[in-house]
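Read off the chains here:
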Amino acid sequence: MRGSWPAVVFLALAALVPVVVRDAFLLDGLILLLLWGTTAAAWNIAGGYAGQVSLGHSAFFGLGAYAAALLGTRWDLSPWLGLLVGAALATAFGCIIGFLSNRLRGPYFVLATIACSQVLLIVASRWRALTAGSEGVPVPFRPGFWTLGIADKRVWVYLVLVLAVLLYLIELYLERSRRGYQLAAVREDEDAALSLGVPALRLKVAAITASAALTAVCGVLWAQYVGFVDPFYVFSVDLSVRFCLAAILGGIGTPLGPFLGATLIVTLETYLRARFGGIGAGRVGIYLIIYGIALIVMMRFAPQGLVPWIGERLRWRPGPGTAP
Amino acid sequence: MHTIPQLVVSTILLGGIYALIAVGLTLIFGVMRVVNFAHGEFLMLSMYLAFWAFALLRLDPYVTLVLALPLIFGGGWLSYRLVMRPVVHASHNVQIFTTVGLSIALQNLALVLWTADSQFVRTSYYAVVVRFGSMALNLAQIVAFAVAVLFTAALFAFMRWSYTGKVMRATAQDRHVAALMGIDTSRVFALTWAVGITCVGVAGVLLAPIYPVYPTVGLQFVLIAYVAVVLGGLGDMAGALIASLVVAAVEVVGSYMIGTAWKEVLYLLLFIAILVVRPAGLFGQRGAEAIGT
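Not measured: the values here are computed from a predicted model.

Visitor: Quick one: what's the story with the overall build of chain A, residue by residue and with numbers?
Guide: Helix and strand counts for chain A stand at 15 helices and 2 strands. The C-alpha extent of chain A, read off along each of the three principal axes, is 55 × 45 × 35 Å. Across the 324 residues that make up chain A, the buried fraction comes to 54%.

Below, the structure is given as structure tokens:
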């Protein structure tokens, strides 16, 4: 496990925090940090490892959030079932987008993913009979583990942490396994990979589908934790941008990158929210101005992201990072 | 069927504005091979420019248009120098993320400066309706269409007959050969970017008296422009023009048949259908989408 000690330290620290810290505000920040980091890691499977950059991943996040919320409010079913349904829907939808990726490359694929997420946004906000329309769906709080009605934030930390560890392990697998190398070959030069007998289409579709299903799982947890699903938020392009922003800033195609990126983003956002909450709420947007500029600067000087950049300077090998 | 002339005229008016947004986008792609994901944000900024000039200086949007032209062009040029120049020869993903970064920064700059509330430019002729027989048309929309058509025509003439236009087209065809022929491609890219931004900026000022402005308003219009640009074939200016009319027709007829609530679904589905069936667009070169250029 050479090179993965920073991630072990990061995840162990996250696991220790709830033992020491009781402050609800800090715990809330940690949960969101882990959740956004995990979602960015899920994006990273498609965007980083498979090289299929999507700006429509909010589609999967929203499918998960809506599946759990609607099953809970309309049919009084458990969000764990919603998790299965959401992941199944996202898998189906991810398959479609995965096959699109075979025909479309670069900017064309990006545009197609944006269009798909926008279609779902309109369906969710206009199909009132199913989704309650643009008002959104409040998720009722039903105490118990089966209904995910957990008031104790420390339990939430561990719940999200399990998912975060799972994502990290998946990305380690992609980094070190035969499948992972094949996927990297497809990303770097699809024609060359094909000529060597790598099943390019199958690998790409599998990566995008896995990425979609895991994003949907994040959506389910997010909806249950926050307690409200707003179609204009969960299906927005802004949210998709948020996923990829964390992954790119941290280091696209690295297992630790998305978590580092999410840490930076959530920390500044939470600080500004606490500082300018209420009346000056508009000023919270400053963090996105900073990260928008950071993205531009990073693309110019270190397009591979922070983790590989730091790694080079410390001569520590975090695994093969990928310049986008 | 007295509604048909009204639908046709509405389509043409709407299509004219969409064309101006789409032409700028497709020009930048054609010459620079960059899809500008911040295109809508420039539209939004120029709408706010018109709003500011109106609210603070009591300037009519059409006066602002004339005064702001050099400002918008200069802003475009500056954004090229600061943001785009270093990545103009970089990979697709670097370019995509750079323009996405620009989009995030500009959108949130507007959010911090003007809040998320919708702002209106309420001119005295806000609700003036012109009647031709059975047709009723908004005055601001007619003016916007007329100016947009003039501007687009001027751009086409510039690209067709001027020396600089020819240089830009040569660079679009093959930037390496163009450079070998002594063309300063770096300056061509700067000019192309600035001209493309000016197109969308002019469209923004023209739209200000018709639509409310808020920080994410760009997305709504730029999505339509993406549809038009892909339908016409990325980089094909005449294609973008015709496709803008097609998209406007889908929107106008769609709103008339099934109501305004679902009209966006129609053109988004049209968009996905084109991407699946013929991604090179109606007039584009087959296979362009598969190599991503």
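Visitor: Before we move on, can you summarise the overall build of chain B with the specific residues and values?
Guide: Broken down by element type, chain B carries 12 helices and 2 strands. Reading chain B from its N terminus to its C terminus gives the helix and strand order α-α-α-α-β-β-α-α-α-α-α-α-α-α. Taken over the C-alpha trace, chain B has a radius of gyration of 19 Å; the compact-globule value for 293 residues is 19 Å, and the two agree within 12%. Every one of the 293 residues in chain B was classed for burial, and the buried ones make up 51%. In chain B, once contacts between residues fewer than 6 apart in sequence are set aside, the share between residues at least 24 apart is 78%.

Visitor: So what's going on with the packing of helix α12 (residues 237–251) of chain A against helix α15 (residues 306–314) of chain A? Which residues, and what values?
Guide: Residues and elements named next belong to chain A. It is the contact of α12 with α15, at a shortest axis distance of 4 Å, that shows an interaxial angle of 10°. Relative to α15, α12 is oriented roughly parallel. Touching Leu249, Gly250 and Gly251 of α12 are Leu306, Val307 and Pro308, all from α15. Per-class residue counts for the contact of α12 with α15 are 4 nonpolar, 2 polar and no charged.

Visitor: Go over the nonpolar core, please, and point to the residues and values.
Guide: Core analysis: the largest hydrophobic core is formed by 212 residues, its most contacted members being Leu295 of chain A together with Tyr18, Ile21, Ala203, Ala225 and Ala228 of chain B. A per-element tally of this core places helix α10 (residues 200–226) of chain A first, with 16 residues. In contact with Tyr18 of chain B, not counting residues within four places along its chain, are Ile224, Ala225, Ala228, Ser244, Val247 and Ala248 of chain B.

Visitor: So what about the interface of chain A and chain B? Which residues, and what values?
Guide: In this complex, chain A contributes 35 residues to the contact, which on the side of chain B involves 41 residues. Of all the secondary-structure elements, those providing two or more residues to the side of chain A that touches chain B are α4 (79–103), α5 (107–126), α12 and α14 (286–301) of chain A. With 11 residues, the single largest contributor to the side of chain A that touches chain B is α5 of chain A. A per-class count over the side of chain A that touches chain B returns 25 nonpolar, 5 polar and 5 charged.

Visitor: An account of helix α11 (residues 263–277) of chain B is needed here, citing residue identities and associated values.
Guide: With 15 residues, α11 of chain B extends 21 Å between its outermost C-alpha atoms, agreeing within 8% with the 21 Å of an ideal straight helix rising 1.5 Å per residue. Within α11 of chain B, the full set of buried residues consists of Glu264, Tyr267, Leu268, Phe271, Ile274 and Leu275 of chain B. All buried residues of α11 of chain B lie within an arc of 120° about the axis, which places them on one face of the element. Those residues of α11 of chain B that are exposed and angled more than 90 degrees off the buried face are Ala273 and Val277 of chain B. The secondary structure elements touched by the buried residues of α11 of chain B are α4 and α5 of chain A together with α9 (217–232) and α10 (237–258) of chain B.

Visitor: With reference to specific residues and values, describe the pairing of strand β2 (residues 135–138) of chain B.
Guide: All names here are of chain B. Examined bridge by bridge, strand β1 (residues 129–132) and β2 share 4 bridges and lie antiparallel to one another. Across the sheet, residue Val129 finds its bridge partner in β2, namely Asn138. Between the end of β1 and the start of β2, which pair antiparallel, lie 2 residues, with Gly133 showing a positive phi angle near 60°.

Visitor: Break down the confidence of the model for chain B for me, citing the residues and quoting the values.
Guide: Detailed conclusions should not be drawn from predicted coordinates in areas where pLDDT is low. All names here are of chain B. When pLDDT is averaged along chain B, the result is 85, and 95% of the positions lie at 70 or above. Every residue in residues 289–293 scores below 50 in pLDDT, and together they form 16 contacts with partners more than four places removed in sequence or on other chains. Two numbers describe this predicted complex: its pTM, 0.88, and its ipTM, 0.86.

Visitor: Let's hear about helix α3 (residues 61–84) of chain B: which residues, and what values?
Guide: When the terminal C-alpha atoms of α3 of chain B are compared, their 29 Å separation across 24 residues is substantially less than the 34 Å that a helix rising 1.5 Å per residue should span. The sharpest bend along α3 of chain B reaches about 50° and sits at Ala68 of chain B, with the proline Pro70 of chain B one to four residues further on. Those residues of α3 of chain B that fall on the buried side of the exposure criterion are Pro61, Thr64, Leu65, Ala68, Ile72, Gly76, Ser79, Tyr80, Val83 and Met84 of chain B. If you follow the buried residues of α3 of chain B, they end up packed against α14 of chain A together with α2 (39–57), α4 (92–114) and α8 (185–207) of chain B.

Visitor: Tell me about unusual backbone geometry, and name the residues and values.
Guide: Residue and element names in this part refer to chain B. In this structure, Arg33 takes a positive phi of about 60° despite not being glycine. Its location among the elements puts Arg33 in the loop between α1 (3–32) and α2. The class of Arg33 is buried, set by 20 C-beta atoms lying within 10 Å. Positive phi values are uncommon outside glycine, yet Arg58 reaches one of about 60°. Along the polypeptide, Arg58 turns up in the loop between α2 and α3.

Visitor: Requested: an account of the environment of Tyr233 of chain A, with residues and values cited.
Guide: Structurally, the position occupied by Tyr233 of chain A is in helix α11 (residues 231–234). It is 33 Å that separates the C-alpha atoms of Tyr233 of chain A and Val186 of chain A, two residues lying 47 residues apart in sequence.

Visitor: Account for the environment of Ile252 of chain A, naming residues and giving values.
Guide: All names here are of chain A. Positionally, Ile252 belongs in the loop between α12 and α13 (257–276). The class for Ile252 is buried, based on 30 C-beta atoms found within 10 Å. As a C-alpha pair, Ile252 and Gln304 span 52 residues in sequence and 6.4 Å in three-dimensional space.

Visitor: Go over the packing of α2 of chain B against α4 of chain B, please, and point to the residues and values.
Guide: All names here are of chain B. For the pair α2 and α4, the least separation of the axes is 9 Å and the interaxial angle reads 25°. Our classification of the angle between α2 and α4 gives roughly parallel. Crossing of α2 over α4 shows left-handed handedness. Here α2 contributes Glu41, Met44, Leu45 and Tyr48 to the contact with α4, which in turn contributes Ser103, Leu106, Gln107, Ala110 and Trp114. Here the residues of the contact of α2 with α4 sort into 6 nonpolar, 2 polar and 1 charged.

Visitor: Account for the confidence of the model for chain A, naming residues and giving values.
Guide: Averaged over every residue, the pLDDT of chain A is 84; residues scoring 70 or more account for 94%. The least confident element of chain A, judged by mean pLDDT, is helix α6 (residues 128–131) of chain A at 76; the most confident is α10 of chain A at 90.

Cut-offs and rules
- Residues numbered from 1 in each chain as written.
- Chains lettered and ligands numbered in written order.
- Predicted model: local features only at pLDDT ≥ 70, side-chain atom pairs only at ≥ 80, totals over all residues.
- Helix = DSSP H or I, 4+ residues; strand = E, 2+ residues; numbered from the N terminus.
- Buried ≥ 20, exposed ≤ 12 C-beta atoms within 10 Å, placed from the backbone.
- Rg over C-alpha atoms; globule rule 2.2 N^0.38 Å.
- Contact = placed C-beta atoms within 7 Å.
- Axes fitted to C-alpha atoms, helices over the stretch in contact; angles between N-to-C directions.
- Parallel < 35°, antiparallel > 145°, perpendicular 65-115°, else oblique.
- Nonpolar A, V, L, I, M, F, W, Y, C, P; charged D, E, K, R; others polar.
- Core = buried A, V, L, I, M, F, W, Y, C linked by C-beta atoms within 7 Å.
- Expected span 1.5 Å × (residues − 1).
- Arc of directions from axis to C-beta.
- Pairing = 2+ DSSP bridges.
- pLDDT = per-residue confidence, 0-100.
- Bend = angle between axes of the 7 residues up to and from the residue.
- Left-handed = near helix turned anticlockwise from the far one by under 90°.

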